[in-house]
Amino acid sequence: MKLTLCLAIFSLLIQSHESSSSLPSNSFLGIPPQDEDYFKAEIIKCKNGSKKFTRTQLNDDFCDCPDGTDEPGTSACPQGKFYCKNAGHAPSLLFSSRVNDGICDCCDGSDEYDGKVKCPNTCWEAGKIARDKLEKKIEMYHEGVALRKQEIEQAKRAIARDNAELLGLKNEKKVLEKVVKQLGEQIQKLDQKERLEKEDKMKEASNEIVENEKSGITDAKNVELSEDSPSDQNKKDEHETTEGLSREELGRLVASRWTGKKSGDQAEEIDAALSARDAGDEESVVDDAGHSSVRYKIASENHEPSSDIASQSHQSWLVKIQETAQNLLQSVNLLSTPVANLDANQVRKEYESYTAKLSDIESRISSLTEKFKYDFGIEKEFYLFYDRCFELKQDKYVYKVCPFKDATQEEEGNSETRLGNWEKFGNSYRMMLFSNGDGCWMGPDRSLKVKLRCGLKTELIGVDEPSRCEYVTVMYTPVVCLEEKIKELKQKLESMNREQPGSHDEL
């Protein structure tokens with residue numbers, strides 16, 4: 001009986017020792033440094049807000065919070081997270097269920113503190129690659145920060161140029177608007193003047209035709225009265241040659257002679273009658289328009305007065321017909337264009353030229369005004385991205401990202417697919433968002449997220465589709481190389497470069 005009691009007490013002592021050895025000696029074991037203040041209060045809330053627990057219940061190997069807030073350093077809560085400090089290497093997080101499972105998960109061995117397994121600290125050796133990589137990253141950031149400053153300076157100069165251009169264009173627009181208005185008014189006046197002049201010419205031509213017809217009848221009678229005069233026998237012969245023609249035909253023949261052209265047998269008949277005259281009896285006349293005509297003169301000085309009157313009357317009739325033909329030709333624009341018309345054409349050309357220039361200026365003003373509406377970053381660091389596009393060829397697709405405009409995907413030999421239109425920056429200018437792209441079949445509209453990372457040149461690296469029609473890519477650019485990030489990286493490197501830690505038994 002006594003022996004059985006002793007064995008029971010001994011078994012309880014062993015279980016108590018094993019239970020106490022499974023608890024961490026440091027109650028803050030497994031807690032990230034940035035969360036330690038959260039667990040220093042006497043009463044602590046579960047992070048999901050469901051319950052509360054006391055500080056003595058922290059890491060007591062009993063799960064009080066469903067989300068595992070109270071057991072980061074034990075395996076009591078499946079949802080708990082254990083923090084590996086990994087001095088000399090990069091810190092890491094693992095599920096609390098892997099604590100004291102006999103496998104060394106943390107390079108510093110801190111996850112196996114119950115003593116069942118002795119884990120060597122391999123963080124210094126394993127961390128050498130990570131430390132070298134971090135040192136190179138810091139160097140790259142230094143170069144990137146310098147390039148970023150250059151980009152910002154270039155952006156400032158570009159903004160100043162665009163502002164100056166916009167101001168100049170607005171002033172030029174005001175001047176051109178006045179010029180175009182004045183030219184337009186001048187064209188209206190010229191159009192009205194030309195219209196009135198045309199109407200006057202038509203009226204004059206019409207009146208002259210009527211008068212010439214009346215004059216032709218009177219002249220014909222005068223010729224008949226003077227046909228017995230010997231001195232005008234040649235004129236009589238000419239009149240007899242043409243008297244069989246109508247006035248319209250006679251007018252055309254005279255007009256054709258005026259313009260230097262002849263037509264048909266009737267023109268030949270007139271030419272034959274007129275060529276019979278002596279060379280001394282005719283006189284060539286050239287008018288201002290360059291056309292020639294023949295006017296006949298009387299060689300004899302002993303003609304009777306009645307014959308002179310008849311001859312002058314007949315000559316006046318021919319001259320009037322010639323003038324009428326000239327007026328008719330001018331009225332239908334067969335002669336040279338008047339100087340006033342040339343001036344009007346020049347005004348119209350100037351009007352068209354200045355109107356086109358004004359349209360171009362208005363278009364450029366609209367473009368610049370629209371450009372200035374966008375958010376280009378705190379220091380306008382993205383201003384030079386406005387008129388640029390960045391391409392990436394991946395597999396059979398070519399992806400094009402144009403900040404502040406759109407993003408597309410083009411397959412070789414097929415049409416272009418729009419992945420989205422520019423929406424805005426996100427995540428404190430660390431991401432570009434494009435939305436409302438082409439719709440997917442039985443799915444949402446396409447969209448694209450562009451994650452921005454520090455790099456020495458601006459380029460796209462890889463495109464992924466984690467969800468249907470939702471695309472993600474990474475863009476490296478010096479524009480996001482921030483100086484404050486260098487301080488953070490240096491602190492991390494200093495933490496990794498501390499003196500090589502001892503074994504985990506010293507924790």
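These numbers were taken from a predicted model, which means no experiment stands behind them.

Criteria and cut-off values
- Residues numbered from 1 in each chain as written.
- Predicted model: local features only at pLDDT ≥ 70, side-chain atom pairs only at ≥ 80, totals over all residues.
- Heavy atoms only, no water.
- Helix = DSSP H or I, 4+ residues; strand = E, 2+ residues; numbered from the N terminus.
- Buried < 20%, exposed > 50% of the residue type's maximum accessible area, 1.4 Å probe, protein only.
- Contact = heavy atoms within 4.5 Å.
- Areas by Shrake-Rupley, 256 points an atom, 1.4 Å probe, with all protein chains shown as cover.
- Core = buried A, V, L, I, M, F, W, Y, C linked by side-chain atoms within 4.5 Å.
- Pairing = 2+ DSSP bridges.
- Axes fitted to C-alpha atoms, helices over the stretch in contact; angles between N-to-C directions.
- Disulfide = S-S within 2.5 Å.
- Polar contact = N/O pair within 3.5 Å; in protein donor to acceptor, adjacent residues only side chain to side chain.
- Patch = residues over 30% accessible without salt bridge, like charges linked within 9 Å, V, L, I, M, F, W, Y side chains within 5 Å.
- Salt bridge = Lys/Arg side-chain N within 4 Å of Asp/Glu carboxyl O.
- Lys, Arg positive; Asp, Glu negative; His and termini not counted.
- Charge placed at Lys NZ, Arg CZ, Asp CG, Glu CD.
- Phe/Tyr/Trp six-rings, centres within 6.5 Å; stacked < 30°, edge-to-face > 60°.
- Lys NZ or Arg CZ within 6 Å of the ring centre and 35° of its normal.
- pLDDT = per-residue confidence, 0-100.

**Some thoughts on the overall build of the protein**
Thinking step 1. The number of helices and strands found in the protein is eight helices and 14 strands.
Thinking step 2. Buried positions account for 34% of the 507 residues belonging to the protein.
Thinking step 3. Within the protein, contacts between residues at least 6 apart in sequence are counted, and of these 48% link residues at least 24 apart.
Thinking step 4. Of the roughly 31700 Å² of accessible surface on the protein, 50% is carried by carbon and sulfur atoms.

**Looking at the nonpolar core**
Thinking step 1. Of all hydrophobic cores here, the largest spans 28 residues; its most connected members are Phe-382, Met-432 and Met-475.
Thinking step 2. Aside from chain neighbours lying at most four places away, what touches Met-432 is Phe-382, Phe-385, Pro-403, Trp-422, Lys-424, Phe-425, Leu-448, Lys-449, Val-450, Leu-452 and Met-475.
Thinking step 3. Counting residues in hydrophobic clusters, the runner-up holds ten residues, among them Ile-486, Leu-489, Leu-493 and Met-496.

**Some words on the sheet that holds strand β14 (residues 470–477)**
Thinking step 1. Pairing is mixed in the open sheet, where eight strands are placed in the order β7-β8-β9-β10-β11-β12-β14-β13. At either end of the open sheet lies a strand with only one pairing partner, and these are β7 (390–394) and β13 (459–467). For this sheet the average axis-to-axis angle between neighbouring strands, irrespective of direction, equals 25°.
Thinking step 2. Sheet analysis places strand β8 (residues 397–402) next to strand β9 (residues 406–411), joined by six bridges and oriented antiparallel. Within the sheet, the bridge partner assigned to Val-401 lies in β9 and is Ala-407.

**Some details on the state of the cysteines**
Thinking step 1. In the structure shown here, the tally under the stated rule is eight disulfides.
Thinking step 2. A sulfur-sulfur distance of 1.7 Å marks the disulfide that ties Cys-84 to Cys-106. The disulfide joining Cys-84 to Cys-106 has a torsion of about -40° about its S-S bond and is therefore left-handed. Here the residue Cys-84 occupies a position in strand β3 (residues 81–84), and Cys-106 occupies one in the loop between β4 (92–95) and α2 (123–225), the gap between them amounting to 22 residues.
Thinking step 3. Through a disulfide, Cys-107 is tied to Cys-123; the S-S separation comes to 1.9 Å.

**A word on the side chain of Ser-110**
Thinking step 1. Checked against the element boundaries, Ser-110 lands in the loop between β4 and α2.
Thinking step 2. Looking at Ser-110, its side chain comes within polar contact range of the side chain of Asp-108, at 2.9 Å.

**Things to note about a negative patch on the surface**
Thinking step 1. On the surface, Glu-197, Glu-199, Asp-200 and Glu-204 cluster together to form a negatively charged patch.
Thinking step 2. Its place among the elements puts Glu-199 in helix α2.
Thinking step 3. Glu-199 gets classed as partly exposed once you look at its relative accessible area, which sits at 39%.

**Here's the deal with the packing of aromatic side chains**
Thinking step 1. In total, this model carries 18 aromatic pairs according to the counting rule given.
Thinking step 2. Taken together, a centroid distance of 6.1 Å and an interplanar angle of 35° make the contact between Tyr-386 and Phe-404 tilted. Residue Tyr-386 is located in the loop between α7 (339–371) and β7, and its partner Phe-404 is located in the loop between β8 and β9; the two are separated by 18 residues in the primary sequence.
Thinking step 3. On the basis of an interplanar angle of 75° and a centroid distance of 6.0 Å, the ring pair of Phe-404 and Phe-425 is categorised as edge-to-face. Placement of Phe-404 in the loop between β8 and β9 and of Phe-425 in strand β10 (residues 416–426) is noted, with a sequence separation of 21 residues between them. Exposure class is identical for Phe-404 and Phe-425. Each is buried.
Thinking step 4. It is Arg-388 that lies over the ring of Phe-385; its NZ or CZ is 5.5 Å from the centre.

**Some remarks on the environment of Cys-84**
Thinking step 1. Given a relative accessible area of 0%, Cys-84 falls into the buried group.
Thinking step 2. Cys-84 has contacts with Pro-91, Ser-92, Leu-94, Cys-106 and Ser-110, leaving out every residue within four places of it along the chain.

**Quick word on the pairing of β14**
Thinking step 1. Where strand β12 (residues 447–454) lies against β14, eight bridges are found, and the strand directions are parallel. Among the inter-strand pairings, Val-450 is bridged to a residue of β14, identified as Thr-473.
Thinking step 2. Between β13 and β14, which pair antiparallel and follow one another directly, the connecting turn spans two residues, one of which, Cys-469, has a positive phi of 65°.

**What to know about the pattern of salt bridges**
Thinking step 1. In total, this model carries 23 salt bridges according to the counting rule given.
Thinking step 2. In this structure, the salt-bridge partner of Lys-405 is Asp-387, at a minimum N-O distance of 3.8 Å. Residue Lys-405 is found in the loop between β8 and β9, and its partner Asp-387 is found in the loop between α7 and β7; the two are separated by 18 residues along the sequence.
Thinking step 3. Here Lys-396 makes a salt bridge to Glu-411, at a shortest N to O gap of 3.2 Å. Linking Lys-396 in the loop between β7 and β8 with Glu-411 in strand β9, this pair joins segments that are 15 residues apart in sequence.
Thinking step 4. Connected via shared salt-bridge partners are Asp-162, Lys-371, Asp-387 and Lys-405.

**Digging into the confidence of the model for the protein**
Thinking step 1. With 68% of its residues at a pLDDT of 70 or more, the protein has an overall mean of 77.
Thinking step 2. Counting contacts from residues 5–10, a segment whose pLDDT is below 50, to residues more than four positions away or on other chains yields zero contacts.
Thinking step 3. Ignoring residues within four places in sequence, the model shows residues 331–342, a span with pLDDT below 50, making eight contacts including any to other chains.

**Some remarks on the pairing of β13**
Thinking step 1. When β13 meets β14, the two strands line up antiparallel, connected through six bridges. Considered in β14, the bridge of Asp-464 is made with Val-472.

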